[in-house]
Amino acid sequence: MRKGLRSNARSSVDEENPYWVSFSDLMSALLVIFILAAVALIIELTQKTNDVEAGIEELKKAEQARKDIIYDVREELAKRNVIVEIADNDTVIRIPERTLTFASGKHSIPKNPETQKAVRDIGAVLHSAIRKNERFKYLDTVFVEGHTDSDGIHYRGKGNWGLSVDRAISVWNVWQSEVELTPKLGDLENAFSHKLFSVSGYAQTRRVNTVEVTNEDKSQNRRIDIRFTVKKPSIEDLERIVAQ
């Protein structure tokens, strides 16, 4: 008798609320959809986070490879009694005046054997450090940079700009023609299959001694720097990360 009453009561409720069951089913379905969407979002965010972290890690490796090259070069050259300096936050090898300097208005490397040998040693050690553990894959460009003092020079109609470039070219030519390297420095490529090395000149615009009082101040500005730039994410990669 009681069972019959309960059955009749349930039937009465269903008859009074004909849409209740359908509404409950709809809410259950929406809950399932919400859960699936949340799971998909979590997976997507996790993947994007992993992509960003991988990009940051790759950049850290590139920075470390550059630092290892620069410090290895300085250490190895010191063993050969060739002094170089590290500058610009561990991004530049500077060849100081006591190792190589240029006569005022001249682009040629001094003829004394000690200087000539030092330039050759720098090229050979640089070659070894870059190729060690395929570090070149983390580099974008290695610039051989020439510099001048502030004296205005009428140099082949090109002034200090042309003079600074030709100084860099003089060093480069020694490395290419007088140092037995396989492959040649000029044949090395970066991760994008572009030539790794380039030469450039800055005239007097990047002097280490901005105020030149003595001839020594000027001679220190007539120098060669070797600047290393690392492989970085492309614009497309950065835009994708920002969008994420």
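Residues numbered from 1 in each chain as written. Predicted model: local features only at pLDDT ≥ 70, side-chain atom pairs only at ≥ 80, totals over all residues. Heavy atoms only, no water.

*Asks:* Please give an account of the overall build of the chain that cites residues and values.
*Replies:* Counting its regular elements, the chain contains six helices and five strands. Sorting the 244 residues of the chain into buried and exposed places 35% on the buried side. Considering only intrachain contacts with a sequence separation of at least 6, the fraction spanning at least 24 residues in the chain is 71%. Summed over its atoms, the accessible surface of the chain is roughly 14,900 Å², and 54% of this surface lies on carbon and sulfur atoms. (Helix = DSSP H or I, 4+ residues; strand = E, 2+ residues; numbered from the N terminus. Buried < 20%, exposed > 50% of the residue type's maximum accessible area, 1.4 Å probe, protein only. Contact = heavy atoms within 4.5 Å. Areas by Shrake-Rupley, 256 points an atom, 1.4 Å probe, with all protein chains shown as cover.)

*Asks:* Could you give an account of the packing of aromatic side chains, naming the residues involved and the relevant values?
*Replies:* Using the criterion set out here, one finds two aromatic pairs in the structure. The interplanar angle of 70° and the centroid separation of 6.4 Å between the aromatic rings of Trp 172 and Trp 175 together place this pair among those described as edge-to-face. Of this pair, Trp 172 and Trp 175 both sit in helix H4 (residues 159-177), three residues apart, roughly one helical turn. Exposure remark for Trp 172: the relative accessible area of 16% places this residue in the buried category. One aromatic cluster is present, built from ring pairs that chain together Trp 172, Trp 175 and Phe 197. (Phe/Tyr/Trp six-rings, centres within 6.5 Å; stacked < 30°, edge-to-face > 60°.)

*Asks:* So, the nonpolar core: which residues are in play, and what are the values?
*Replies:* In this structure, Ile 130, Trp 175, Phe 197, Ile 226 and Phe 228 are the most contacted members of the largest nonpolar core, which totals 38 residues. Contributions of two or more residues to this core are made by helix H2 (20-79), strand S2 (92-95), helix H3 (113-131), strand S3 (139-146), H4 and strand S5 (224-230). In terms of residue count, the dominant contributor to this core is H3 (seven residues). When residues no more than four places from it in sequence are discounted, the contact partners of Trp 175 are Val 119, Ile 122, Gly 123, Leu 126, Val 144, Leu 181, Leu 185, Phe 197 and Ile 226. (Core = buried A, V, L, I, M, F, W, Y, C linked by side-chain atoms within 4.5 Å.)

*Asks:* So what's going on with the environment of Asp 149? Residues and values would help.
*Replies:* Relative to the helices and strands, Asp 149 is located in the loop between S3 and H4. Residue Asp 149 is classed as buried on the basis of its relative accessible area, which comes to 3%. In this structure, the C-alpha to C-alpha distance between Asp 149 and Ser 104, residues 45 residues apart in sequence, is 8.2 Å. Those residues in contact with Asp 149 that sit more than four places away from it in its chain are Ser 104, Asn 160, Gln 204, Arg 207, Glu 212, Lys 218, Asn 221 and Arg 222. A polar side-chain atom of Asp 149 sits 3.0 Å from the main-chain amide nitrogen of Asp 151. (Polar contact = N/O pair within 3.5 Å; in protein donor to acceptor, adjacent residues only side chain to side chain.)

*Asks:* Account for the packing of H3 against H4, naming residues and giving values.
*Replies:* Each pair of packed helices can be described by the angle between their axes along with the distance between the axes. Following both chains from N to C, one finds H3 and H4 inclined at 65°, their axes separated by 9 Å at the closest point. When the axes of H3 and H4 are compared, the pair comes out roughly perpendicular. Between H3 and H4 the crossing geometry is right-handed. Two secondary-structure elements touch here, H3 through Val 119, Arg 120, Ile 122, Gly 123 and Leu 126 and H4 through Val 171, Val 174 and Trp 175. The residue inventory of the contact of H3 with H4, partitioned by class, reads six nonpolar, one polar and one charged. (Axes fitted to C-alpha atoms, helices over the stretch in contact; angles between N-to-C directions. Parallel < 35°, antiparallel > 145°, perpendicular 65-115°, else oblique. Left-handed = near helix turned anticlockwise from the far one by under 90°. Nonpolar A, V, L, I, M, F, W, Y, C, P; charged D, E, K, R; others polar.)

*Asks:* An account of the pattern of salt bridges is needed here, citing residue identities and associated values.
*Replies:* Under the counting rule described, the total for this entry stands at 17 salt bridges. One salt bridge connects Glu 63 with Arg 66, and the closest N-O pair in it is separated by 2.5 Å. One end of the pair is Glu 63 and the other is Arg 66, both in helix H2 and three residues apart, which spans about a single turn. Given a relative accessible area of 34%, Glu 63 falls into the partly exposed group. With a shortest N-O distance of 3.2 Å, Asp 225 and Arg 223 are connected by a salt bridge. Arg 223 shares its class with Asp 225; the two are buried. Via salt bridges that share partners, Glu 76, Lys 79, Arg 80, Lys 117 and Asp 121 belong to a single interconnected network. (Salt bridge = Lys/Arg side-chain N within 4 Å of Asp/Glu carboxyl O.)

*Asks:* So, the sheet that holds S3: which residues are in play, and what are the values?
*Replies:* Strand order in the open sheet made by the five strands is S1-S2-S5-S3-S4, with mixed pairing throughout. Only two strands of the sheet have a single partner each, and these edge strands are strand S1 (85-87) and strand S4 (197-201). Taking each pair of neighbouring strands and ignoring which way they run, the sheet shows an average axis angle of 25°. Sheet topology note: the S1/S2 ladder contains three bridges and is antiparallel. The residue bridging Ala 87 from the neighbouring strand is Val 92, located in S2. Along the sheet, H3 makes contact with S2, S3, S4 and S5, crossing S5 at roughly 10°. (Pairing = 2+ DSSP bridges.)

*Asks:* A description of the confidence of the model for the chain should follow, citing residues and the corresponding values.
*Replies:* For residues with low pLDDT, the predicted coordinates do not support detailed interpretation. When pLDDT is averaged along the chain, the result is 85, and 75% of the positions lie at 70 or above. Across the chain, element-level confidence peaks in S2 with a mean pLDDT of 98 and bottoms out in helix H1 (residues 2-16) with 51. (pLDDT = per-residue confidence, 0-100.)

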